[in-house]
Amino acid sequence: MSINRILKSTFLALTVGLAQPALARDDISAQLDAIFEAIPPGAPGCNVGVVERGVLIHKRGYGLANLELDVPLSGDEVHRMASVSKQFTAMAVLLLVQDGKIDLDADIHRYLPELPDYGARVTVNAMLGHFSGMGDYDLIGSSYEGPRSRKAVDLSSAAGGEFRLGNEDYLTISEFYDVVKTVPLALTPERKFRYSNLAYFLLSMLVEEVSGESLRAFAERRIFKPLGMNSTFFADQPTEIVKHRAYGYKRNRDGVFVNDMTNLFWVGDGGLHTNLEDMLKWDRNFYQPQVGPKPAELIAMMNRPNSDHRTRKWRYANGQFVGESRGLLAYTHDGGWLGTSTFYRRYPAVETSLIVLCNDAGADGRLIARALDVVMQDAH
């Protein structure tokens, strides 16, 4: 069972428990401890946070942040967030909408005229909601997420072989942008939901073109600094030092942990780095809005689905899957990339959120699954 599936189920069970007054906070922590302390000694693990009405009622680390130095996860480390980053990119775009600089219903070519002629109108809103018809990484090369598509662009490694997305081959942001400009649509726009990392990367280029700042600089000035998120940033420099980083790992074919750090540092679809304390501040902004010229209106835009297109039971609202879970409205997203597996779910009705940040992309979930059975029984 994948770590993301386990974490999702864990969050469902624990949130139901949080909504029941009979389940004390100490009980929640005890059950979380029982689940995540099953992580083997000497292995990477997870920082786990439970937020209730603006307070981190559980904040703890399980496993190691750095296997070379035997540094334990403490709950404070900075993690690469993978696709949980998308909601931060979306907020940056919506801030520029509030500024009157972006029209959600405009074709992306109005702002990025160097993109190819797609033969169809592709709106900013469709890109935010994953119904633009844009494709994914498989149209560029093989990656952590799967093999290269037969329809992929012709891109080779420096040695002349197949280009690999991850930690083997390297492209700068501008080089990657040049590649994305050659990628055709995968589907006709507006027809159906199709998840697209490429669309969210292009949204980072949209922010840069319209604001005159990189997504990193714009988000720092307009989002992170106002919220006091001092450990949060879009990592667009592969060589920079990241204080208190949770290093990424995976098991090799022999079952031994090895380093698993990406060398790809474009942003928008991913690239955000943050920790539990800063995620608490981000979470609180949904209830007590502070960001933007009209904060309450910005949050209303963030939470409004971009369309009625669905993937299973979920619609998509600016970097957030939105739907009903166990009778409660939920906003959720997970993330996975080299050396990282993340999950963030928010239940507005009970002002409760669950955050799990793991530095093992393929954590063994068997013990967690067994512990989850106990949690679900208690939650009911």
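Treat the numbers as computed from the prediction; the structure is a model and nothing was measured.

Rules used throughout
- Residues numbered from 1 in each chain as written.
- Predicted model: local features only at pLDDT ≥ 70, side-chain atom pairs only at ≥ 80, totals over all residues.
- Heavy atoms only, no water.
- Helix = DSSP H or I, 4+ residues; strand = E, 2+ residues; numbered from the N terminus.
- Buried < 20%, exposed > 50% of the residue type's maximum accessible area, 1.4 Å probe, protein only.
- Lys, Arg positive; Asp, Glu negative; His and termini not counted.
- Salt bridge = Lys/Arg side-chain N within 4 Å of Asp/Glu carboxyl O.
- Polar contact = N/O pair within 3.5 Å; in protein donor to acceptor, adjacent residues only side chain to side chain.
- Contact = heavy atoms within 4.5 Å.
- Pairing = 2+ DSSP bridges.
- Core = buried A, V, L, I, M, F, W, Y, C linked by side-chain atoms within 4.5 Å.
- Phe/Tyr/Trp six-rings, centres within 6.5 Å; stacked < 30°, edge-to-face > 60°.
- Lys NZ or Arg CZ within 6 Å of the ring centre and 35° of its normal.

Asker: Would you mind going over the side chain of R346 with me for this structure?
Answerer: With respect to the secondary-structure elements, R346 resides in strand β13 (residues 340-347). This buried residue, R346, is left without a salt bridge; D283 holds the nearest opposite charge, at 5.1 Å. Side-chain polar atoms of R346 contact the side chain of N303, separated by 3.0 Å. For R346, the side chain forms a polar contact with the side chain of Q320, separated by 3.0 Å. Those residues in contact with R346, other than ones at most four positions away along the chain, are D283, F286, Y287, N303, Q320, L329, A330, Y331, T352 and S353.

Asker: Would you explain the sheet that holds strand β6 (residues 233-234) in this entry?
Answerer: Paired through backbone hydrogen bonds, the strands of a sheet run either parallel or antiparallel to each other. Strand order across the open sheet formed by 3 strands is β5-β9-β6, with antiparallel pairing between neighbours. On the outer flanks of this sheet lie β5 (79-80) and β6, each paired with one strand and no other. Direction of pairing for β6 relative to strand β9 (residues 272-274): antiparallel, over a ladder of 2 bridges. Among the inter-strand pairings, F234 is bridged to a residue of β9, identified as L272.

Asker: When you look at the nonpolar core in this model, what are you seeing that I'm missing?
Answerer: As a rule of thumb, soluble globular proteins bury nonpolar side chains together. Formed by 80 residues in total, the largest nonpolar core has its most connected members in V124, I223 and W282. Looking at this core element by element, the count peaks at 10 residues for helix α6 (residues 197-211). The residues touching I223, leaving out its near neighbours within four places in the chain, are F88, M91, A92, L95, F218, W282 and V291. Counting residues in each nonpolar core, the second largest holds 18 residues, with L32, F36, C46 and L67 among its members.

Asker: How should I be thinking about the sheet that holds strand β11 (residues 321-325) in this particular structure?
Answerer: Spatially, β2-β1-β14-β13-β12-β11-β10 is the arrangement adopted by the 7 strands of the open sheet, whose pairing is antiparallel. Of all the strands in the sheet, the pair left with one neighbour each is β2 (55-62) and β10 (315-316). Relative to strand β12 (residues 328-337), β11 runs antiparallel, the two sharing 5 bridges. Its bridge partner lying in β12, G323 is registered against A330.

Asker: When you look at the pattern of salt bridges in this model, what are you seeing that I'm missing?
Answerer: Opposite charge on two side chains makes pairing possible when the charged atoms of those side chains draw close. Under the defined criterion, the tally for this structure stands at 12 salt bridges. When the shortest N-O distance is used, the salt bridge between D236 and R216 registers 3.0 Å. Separated by 20 residues along the polypeptide, D236 in the loop between β6 and β7 (249-251) and R216 in helix α7 (residues 215-227) bring together distant segments of the chain. By relative accessible area, D236 is classed as buried at 14%. Salt-bridge contacts for R216 lead to E240; the nearest nitrogen and oxygen are separated by 2.7 Å. Here R216 is found in helix α7, whereas its partner E240 is found in the loop between β6 and β7, with 24 residues between them in sequence. What emerges from the salt-bridge pattern is a single network uniting R53, R284 and E351.

Asker: What am I meant to see in the side chain of H58 here?
Answerer: Considering the arrangement of structural elements, one finds H58 in strand β2. The buried category is assigned to H58, whose relative accessible area is 1%. Polar contacts involving the side chain of H58 include one to the side chain of S29, which spans 2.8 Å. Once you skip the residues sitting within four places of it in the chain, H58 turns out to touch S29, L32, D33, V48, G49 and V50.

Asker: Looking at this structure, how should I read unusual backbone geometry?
Answerer: It is generally the case that most residues other than glycine have a negative phi and that most peptide bonds are trans. Phi is positive for E190, which is not a glycine, with a value near 75°. Take E190: it is sitting in the loop between α5 (173-180) and α6. The phi dihedral of E351 is positive, around 45°, even though this residue is not glycine. Residue position: E351 is located in the loop between β13 and β14 (352-358).

Asker: Is there a simple way to explain the packing of aromatic side chains in this structure?
Answerer: Aromatic rings in a pair are described by how distant their centres are and how their planes are angled relative to each other. Within the structure shown, the criterion is met by 11 aromatic pairs. Judged by centre distance (5.5 Å) and plane angle (25°), the rings of F36 and Y62 are stacked. Of this pair, F36 sits in helix α2 (residues 25-36) while Y62 sits in strand β2, placing them 26 residues apart in sequence. Here the two residues F36 and Y62 agree in accessibility, since each one is buried. Measuring from centroid to centroid gives 6.2 Å for F88 and F224, while their planes differ by 55°, and the two rings are tilted. Placement of F88 in helix α3 (residues 86-98) and of F224 in helix α7 is noted, with a sequence separation of 136 residues between them. Exposure remark for F88: the relative accessible area of 0% places this residue in the buried category. Taken together, F88, F224, F234, W282 and F286 form an aromatic cluster joined through their ring pairs. A cation over an aromatic ring shows up here: K181 above the ring of Y177, its NZ or CZ 4.3 Å from the ring centre. When the ring centre of Y247 is taken as origin, the NZ or CZ atom of R245, which lies over that ring, is 5.4 Å away.

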